[in-house]
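Spelled out from the first residue to the last, the chains are:
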Amino acid sequence: MFDFNCDVAQGYGIYKNDQEFEIAKFTSSINIAAGFHAGDPVSIKKALMFAKEHNLAIGAHIGYPDIQGFGNRKMDLAKDELIAVVTYQVCAISAYANTYNLEIEQIRTHGALKTAVNESQETAQVVGGAIKKINPWLNLIVQNSTTKELLESLGIKSALEADFSESSTIRAIRENENQIDTIHFKSLDDIKRAYDVLKPTPINYNRVQKQL
């Protein structure tokens, strides 16, 4: 069993991408942009209402404070500043969700921050530690098994993600012996094809099953 996830609310002001919600109809969880690389209060609310209507698990999609570069520019932040950046974004989505009696379950990093988390043990520990302090039950989505093992050795919950492509995803699943928790989608056609053969389940459900 796998979670299917996609990113939403990745617009700002007049710049919107409504196709993301077409993709989200086939997912079991969505990651809501928290405002630093994309996202604004109106688009975040729309995403929360969509999740509630479709009974989807909710994640915060966090990045560097780089709205002009869509979070794709590397930033060398001091440890305290990075903790503040992570805390602000996770708490913003979490508190916003709480106003509608919703809770977030996972965190997905974006762009340059995602690269840093997966390439730097120090960054992974700082980001994971900040998330654990907010809520120790939140899963940090990562893209390689080494990072996942590091985080879990520190008592930080994590979920291993594969980006979807029919060949590479199947290979990744085989190589990781079904340890993949979630598959990320950017294409409506891709997720429709995947949904035809596999119905997704949220990350936390998968992880509970593995512990039984």
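None of the values given here were measured: they were computed from a predicted structure. (Residues numbered from 1 in each chain as written. Predicted model: local features only at pLDDT ≥ 70, side-chain atom pairs only at ≥ 80, totals over all residues. Heavy atoms only, no water.)

Novice: Please give an account of the overall build of the chain that cites residues and values.
Specialist: In terms of regular secondary structure, the chain is built from nine helices and seven strands. Of all 212 residues assigned to the chain, the portion counted as buried reaches 50%. Accessible surface computed for the chain: about 10,600 Å², of which carbon and sulfur atoms make up 51%. (Helix = DSSP H or I, 4+ residues; strand = E, 2+ residues; numbered from the N terminus. Buried < 20%, exposed > 50% of the residue type's maximum accessible area, 1.4 Å probe, protein only. Areas by Shrake-Rupley, 256 points an atom, 1.4 Å probe, with all protein chains shown as cover.)

Novice: Quick rundown of the packing of aromatic side chains? Include the residues and the values.
Specialist: Tallied over the entire structure, the rule returns six aromatic pairs. Taken together, the aromatic side chains of F4, F164 and F185 make up a single cluster linked through ring pairs. The ring of Y195 carries K199 above its face, with NZ or CZ at 4.6 Å from the centroid. (Phe/Tyr/Trp six-rings, centres within 6.5 Å; stacked < 30°, edge-to-face > 60°. Lys NZ or Arg CZ within 6 Å of the ring centre and 35° of its normal.)

Novice: Hey, could you go over the pairing of strand β6 (residues 158–163) for me, with residue numbers and the actual values?
Specialist: In summary, the side chains of a regular strand alternate between the two faces of the sheet. Here β6 lies mainly inside the structure; five of its six residues are buried. Sheet analysis places strand β5 (residues 139–142) next to β6, joined by three bridges and oriented parallel. Along β6, the bridge assignment pairs V142 with L160. As for the winding sense of the linkage, the β-α-β connection from β5 through helix α6 (residues 145–153) to β6 is right-handed. As paired elements, β6 and strand β7 (residues 182–184) share three bridges and run parallel to each other. Residue E161 lies in a different strand from β7, and its bridge partner there is T182. (Pairing = 2+ DSSP bridges. Right-handed = clockwise from strand over helix to strand, strands pointing away.)

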